[in-house]
Amino acid sequence: MKHVSVVGAGLVGSLWALFLAKRGYSVDVYERRKDPRKTGVAEGRSINLALSDRGWAALEKVGIGEEVRAHAIPMYRRVMHDVAGQLSFQPYGKENQAIYSVSRGGLNRLLVEAAEKQADVRVHFDHRCVDADIEAGTATFETDHGPITSKGSALFATDGAFSKVRAQFQRRDRFNYEQEYIDHGYKELHIPPGPDGQHLMEREALHIWPRGQHMLIALPNPDGSFTCTLFFPMEGTESFEALHNAQVARQFFSAQFSDALTLMPDFEAQWDQNPVSSLVIIRCAPWHVGGKTVLFGDASHAIVPFYGQGMNSGFEDCHVFDRILDAHQDQFDAAFLAFSTERKPNADAIAELAMRNFVEMRDLTGQPEFLLQKKIEAAFSARYPGKWMPLYSQVTFSHIPYADALAAGKRQDAIMQTVMARPNIGEIWQSDEVMEAILAELA
Ligand SMILES: Cc1cc2nc3c(=O)[nH]c(=O)nc-3n(C[C@H](O)[C@H](O)[C@H](O)COP(=O)(O)OP(=O)(O)OC[C@H]3O[C@@H](n4cnc5c(N)ncnc54)[C@H](O)[C@@H]3O)c2cc1C
């Protein structure tokens, strides 16, 4: 039996340990955090995440989809809040298609426990990776009992965007690496449940306050609360830097997000306590050294969160890797190369799509023309289902490779630009004339 090591028991590492165990490997997982079950602290950058089809497919492959679904809240549509508190709506997909709000800490715990239940998986908390020999496929960890070195024939590095294992790749010849901080950062805020534990806004929806250069979003939690995230420039006249104390921030919220502010009774305390965090994009290649060490999840492709695909793409990594191991009869040299080669263009594509979706969410969703364009796409797609799948659906509700979805999305954009330029499009958008014009453009 092959013995391997995984660095990082985050979302991707713990799921990958489960995949490896199901393949019959003996697995040691090393995690720098303390065991949250012993400390009672749920760590993590955002309290909830949107889980969609790519993530579900991986969870289902290892038999834990049902268990996760029991704790997930479907979000069927976007609810946009304008400055006056007026609402507009945009369904995510067809009827009954939804993305799901799940607790980051809860999901991570469930995955770790599912991995630990396997006969030959050990999760070692409080083990911080400090070094790695990536040619040998081993890593060294600091522990309370002194340093230890992993055993096993290969190292799977899922230690996140600031991967210690990747640092060793950066010392190698011909390793490409790019780290980009975007101008925006984020702060999380909380809307508590109502007096009877009910949600104070529509429950099965993702709420957005689109404001051009910035936005607030909110995802529901099972306890009746919402986790809100403000995405805002770090510096400049309208920025976190400029909102330098809670009173100034309240004035800004009162002008921009007054309906959300009224639902946050302890706004000032939250503003002072909750940190501002930055958002980073990581691109690198190649992701592997022979058949000894391989990077995946955020360690090889961290992206901005605006498509809700960071974790989903990491889960898809696990699913794809499992298929590639099948195809190569678990020969690591060939499999690591195939994985890195197949996934890299898709990782680059979802990184680009995620930045594009930021503009869509913070700016376009507040514009009637954009909502009309989406309605036309949905109407055409319903009339000619095999001919047009909206880009959002390709990314979120399909397993089409991200690179193919991006290319198709660019073609669709060009077509919709000509359609939207038609006179009276607002009146004739459902007409045969418009539908046939799209058909002709596609041909
Ligand atoms: C604000 C925000 C919102 C997001 N929302 C979504 C969303 O809605 N949907 C979605 O799909 N994605 C979302 N993401 C992205 C998602 O959080 C990441 O893509 C996902 O967490 C990546 O998982 P990972 O396991 O690769 O990395 P991580 O979750 O970062 O896990 C890495 C693990 O490695 C451990 N580790 C790190 N260094 C060491 C070391 N030296 N030694 C040992 N262990 C180590 C860490 O403690 C951690 O447990 C969001 C991200 C942000 C910032």
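Remember, it's a predicted structure, so these values are computed and weren't measured experimentally.

(A) Inspection of the side chain of Glu 316 at higher detail. By the secondary structure assignment, Glu 316 is in helix α11 (residues 310-327). Residues in contact with Glu 316, not counting those within four places in the same chain, are Arg 54, Arg 343, His 399 and Tyr 402.

(B) Up close: the packing of helix α12 (residues 332-362) against helix α15 (residues 402-420). Following both chains from N to C, one finds α12 and α15 inclined at 45 degrees, their axes separated by 7 Å at the closest point. Taken together, the axes of α12 and α15 are oblique relative to one another. Within the contact between the two elements, α12 uses Arg 343, Pro 345, Asn 346, Ala 349, Ile 350, Glu 352, Leu 353 and Arg 356 and α15 uses Tyr 402, Ala 403, Leu 406, Lys 410 and Asp 413. Across the contact of α12 with α15, the residue classes tally to seven nonpolar, one polar and five charged.

(C) Highlighting the sheet that holds strand β7 (residues 99-103). The three strands lie next to each other as β3-β7-β4, forming an open sheet whose pairing is antiparallel. Taken across any chain shown, the strands that pair with only one partner, and hence form the sheet edges, are β3 (48-51) and β4 (73-75). Here the strands of the sheet are splayed against their neighbours by 35 degrees on average, with no regard to which way each runs. With four bridges connecting them, β3 and β7 associate as antiparallel partners. The residue bridging Asn 48 from the neighbouring strand is Ser 103, located in β7. Where helix α5 (residues 104-116) meets the sheet, its contacts fall on β3 and β7, and the angle it forms with β7 comes to roughly 80 degrees.

What counts, and at which threshold
- Residues numbered from 1 in each chain as written.
- Predicted model: local features only at pLDDT ≥ 70, side-chain atom pairs only at ≥ 80, totals over all residues.
- Heavy atoms only, no water.
- Helix = DSSP H or I, 4+ residues; strand = E, 2+ residues; numbered from the N terminus.
- Contact = heavy atoms within 4.5 Å.
- Axes fitted to C-alpha atoms, helices over the stretch in contact; angles between N-to-C directions.
- Parallel < 35°, antiparallel > 145°, perpendicular 65-115°, else oblique.
- Nonpolar A, V, L, I, M, F, W, Y, C, P; charged D, E, K, R; others polar.
- Pairing = 2+ DSSP bridges.

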